Amino acid sequence: LSLLVLISGGGSNLRALLEASSDAEYPARVIAVGSDTDAPGLAHAEEFEIPTFTVVPTSFASRDAWGAELLEQIERWSPDLVVCAGFMRILPPAVVSALTPRIINTHPALLPAFPGAHAVRDALAAGVDTTGVTVHVIDEGVDTGPVIVQRSVPVYPGDTEHELHERIKSVERELLVQAVFDIANGAVDLKEIAAR
Ligand code: GRF
């Protein structure tokens, strides 16, 4: 299964996929990495000698123009699956409809709880004692697509946002690597999930 991974930040989830795909037994390979900015995580792709591209929103007159360029860059690689791993942009509907259900996202909360860009901070502010990770198919909404897998993560008293997010990320990268494995070997059928 060929993967194209989109990132915006440090890329710890990307690194987990790069390390997994270095194992000949793992049925998926990262073929390219894209970003909306000069993300620090692109260094992981360079270390693994995987091609990267950057499509910066502010270089375009509109979100739709940015989306069209991003889609063109993605489709150049003809990936089997696009993985948004800490990609902090909302994809325009035209991009989603061209790719779904072969596009998934990882979110640091138990959706539908705490959608959006500040899920970890929001969970802390809500005072919950359990949050978690969701891997889901991206649909036209924001963090609303059908869930592939979720796993809970405990919140401890006095957790800072960083401490909680690191605890979440340690579960997230395992869940994402496993979800891609299951998609690659057919245990998870994205078309079936999207049709729910
Ligand atoms: C991940 O927790 C992702 O779910 C969230 O931002 C974080 C990105 O981390 N949107 P990294 O860039 O993979 O280290």
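If you look the protein chain up in an unreviewed UniProt entry, it shows as Phosphoribosylglycinamide formyltransferase from Herbiconiux aconitum. Heading Sequence similarities (unreviewed entry) of the UniProt record for the protein chain holds this comment: "Belongs to the GART family."

What follows deals with the site of the ligand. Gly11, Ser12, Asn13, His165 and Glu172 are the nearest of the 13 residues found near the ligand. Contacts to the ligand include Gly10, whose backbone N or O atom sits 3.4 Å from an oxygen atom. Taking Asn13, its side chain carries an N or O atom lying 2.8 Å from an oxygen atom of the ligand. Burial of the ligand by the surrounding chains reaches 90%, relative to a free accessible area of 370 Å². Looking at the shell around the ligand, the elements that each hand over two or more residues are α1 (12-21), β5 (103-107) and α6 (161-184). With 3 residues, α6 is the single largest residue contributor to the shell around the ligand.

Counting through the fold element by element, Leu111 comes out in the loop between β5 and α5 (119-126). In sequence terms Leu111 and Val135 are 24 residues apart; their C-alpha atoms lie 9.1 Å from each other. Look past the residues within four positions of Leu111 in its chain and what remains in contact with it is Thr134, His136, Asp143 and Gln150.

Look at the UniProt record and you will see "active site" (unreviewed entry) annotated at His107. With respect to the secondary-structure elements, His107 resides in strand β5. Since its relative accessible area comes to 3%, His107 is described here as buried. Among all residues touching His107, those that are not within four sequence positions of it are Phe114, Pro115, Gly116, Ala119, Gly132, Val133, Thr134, Asp143 and Glu172. Within the structure, His107 has its side chain in polar contact with the backbone oxygen of Phe114 (distance 2.7 Å).

In this section: the packing of α1 against α6. α6 packs onto α1 with a crossing angle of 45° between their chain directions and a minimal axis gap of 9 Å. Between α1 and α6, the interaxial angle falls into the category oblique. In this structure, α1 crosses over α6, and the sense of that crossing is right-handed. Facing α1, whose interface residues are Ser12, Asn13, Ala16, Leu17 and Ala20, α6 presents Lys169, Glu172, Arg173, Leu176, Val177 and Val180. Taken together, the residues of the contact of α1 with α6 break down into 6 nonpolar, 2 polar and 3 charged.

Our focus in this paragraph is the sheet that holds strand β6 (residues 130-137). Strand pairing in a sheet takes place through backbone hydrogen bonds and is either antiparallel or parallel in direction. The 7 strands lie next to each other as β3-β2-β1-β4-β5-β6-β7, forming an open sheet whose pairing is mixed. Every other strand in the sheet has two partners, leaving β3 (52-54) and β7 (147-154) as the edge strands with one partner each. Taking the axes of each pair of neighbouring strands and ignoring which way they run, one obtains an average angle of 20° across the sheet. Strand direction decides the pairing type here: β6 and β7, joined by 7 bridges, are antiparallel. Considered in β7, the bridge of Thr130 is made with Pro154. This element, α1, spans β1 (2-7), β2 (29-35) and β4 (81-84) of the sheet and lies at about 160° to β2.

Another aspect to go through is unusual backbone geometry. Here the amide bond leading from Thr100 into Pro101 is cis, since omega sits at 5°, within 30 degrees of zero. Along the polypeptide, Pro101 turns up in the loop between α4 (93-99) and β5. We note that Glu49 has phi near 55°; this positive angle belongs to a residue other than glycine. Mapped onto the elements of the fold, Glu49 is located in the loop between α2 (42-47) and β3. Its identity as a non-glycine residue notwithstanding, Phe114 has a phi of 55°, on the positive side. One can find Phe114 in the loop between β5 and α5.

About the criteria used
Residues numbered from 1 in each chain as written. Predicted model: local features only at pLDDT ≥ 70, side-chain atom pairs only at ≥ 80, totals over all residues. Heavy atoms only, no water. UniProt positions renumbered as here; feature names shortened; annotations may be inferred. Near = heavy atom within 4 Å. Polar contact = N/O pair within 3.5 Å; in protein donor to acceptor, adjacent residues only side chain to side chain. Areas by Shrake-Rupley, 256 points an atom, 1.4 Å probe, with all protein chains shown as cover. Helix = DSSP H or I, 4+ residues; strand = E, 2+ residues; numbered from the N terminus. Contact = heavy atoms within 4.5 Å. Buried < 20%, exposed > 50% of the residue type's maximum accessible area, 1.4 Å probe, protein only. Axes fitted to C-alpha atoms, helices over the stretch in contact; angles between N-to-C directions. Parallel < 35°, antiparallel > 145°, perpendicular 65-115°, else oblique. Left-handed = near helix turned anticlockwise from the far one by under 90°. Nonpolar A, V, L, I, M, F, W, Y, C, P; charged D, E, K, R; others polar. Pairing = 2+ DSSP bridges.

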